Amino acid sequence: MLDVLQQLSETLEARKGAAADDSYVASLYAKGLDKILEKVGEEAFETVLAAKNASTDAAQKDKLVYETADLWFHSLVMLAALDLKPDDVLNELARRFGLSGLDEKAARDPQ
């Protein structure tokens, strides 16, 4: 599973130097961070709708998986655009592992 993230991360990095008409990801990079963030928001909304539908119709679970994959993909594009890697998120999740969610939330700096 981690191999998929590593391969995808490498591909996203390679697309940074590609022409916008060569790939979808290169076109997103060319349009800038605002467009990438718009796509993340759009995919998040579609994922929420798919989850709602899947909660009442088990046949919709495939749609939820599809939309979640889109959300994860576009989130990875966002991270790459900001020079972050999947490992940065995985390391944060590992840091939180074994922590009570309530304790972790209470320890956050107020924003």
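Residues numbered from 1 in each chain as written. Predicted model: local features only at pLDDT ≥ 70, side-chain atom pairs only at ≥ 80, totals over all residues. Heavy atoms only, no water.

Per an unreviewed UniProt entry, the protein chain goes by Phosphoribosyl-ATP pyrophosphatase and derives from Saccharospirillum salsuginis. In its Pathway (unreviewed entry) section, UniProt records this for the protein chain: "Amino-acid biosynthesis; L-histidine biosynthesis; L-histidine from 5-phospho-alpha-D-ribose 1-diphosphate: step 2/9." Under the UniProt heading Sequence similarities (unreviewed entry), the entry covering the protein chain gives this text: "Belongs to the PRA-PH family." (UniProt positions renumbered as here; feature names shortened; annotations may be inferred.)

Q: Tell me about a nonpolar patch on the surface, and name the residues and values.
A: Taken together, the side chains of L33, L37, L82 and L84 make up a nonpolar region of the molecular surface, amounting to roughly 300 Å² of accessible area. Here L33 lies in helix α3 (residues 33-56). (Patch = residues over 30% accessible without salt bridge, like charges linked within 9 Å, V, L, I, M, F, W, Y side chains within 5 Å. Areas by Shrake-Rupley, 256 points an atom, 1.4 Å probe, with all protein chains shown as cover. Salt bridge = Lys/Arg side-chain N within 4 Å of Asp/Glu carboxyl O. Helix = DSSP H or I, 4+ residues; strand = E, 2+ residues; numbered from the N terminus.)

Q: Quick rundown of the nonpolar core? Include the residues and the values.
A: One finds L12, V25, L28, Y29, I36, L76, V77, L79 and A80 forming the largest nonpolar core, which totals nine residues. Contributing elements (two or more residues each) for this core: α2 (24-31) and α4 (61-81). Considering every element that reaches this core, the biggest residue donor is α4, with four residues. Sequence-distant contacts of L76, that is, excluding residues within four places in its chain, are made with L5, L8, L12 and P86. (Core = buried A, V, L, I, M, F, W, Y, C linked by side-chain atoms within 4.5 Å. Buried < 20%, exposed > 50% of the residue type's maximum accessible area, 1.4 Å probe, protein only. Contact = heavy atoms within 4.5 Å.)

Q: How would you sum up the environment of V48? Please name residues and give values.
A: Inspection of the secondary structure puts V48 in helix α3. We classify V48 as exposed; its relative accessible area is 55%. Put simply, V48 and L82 are 34 residues apart on the chain and 25 Å apart in space, counted from C-alpha to C-alpha.

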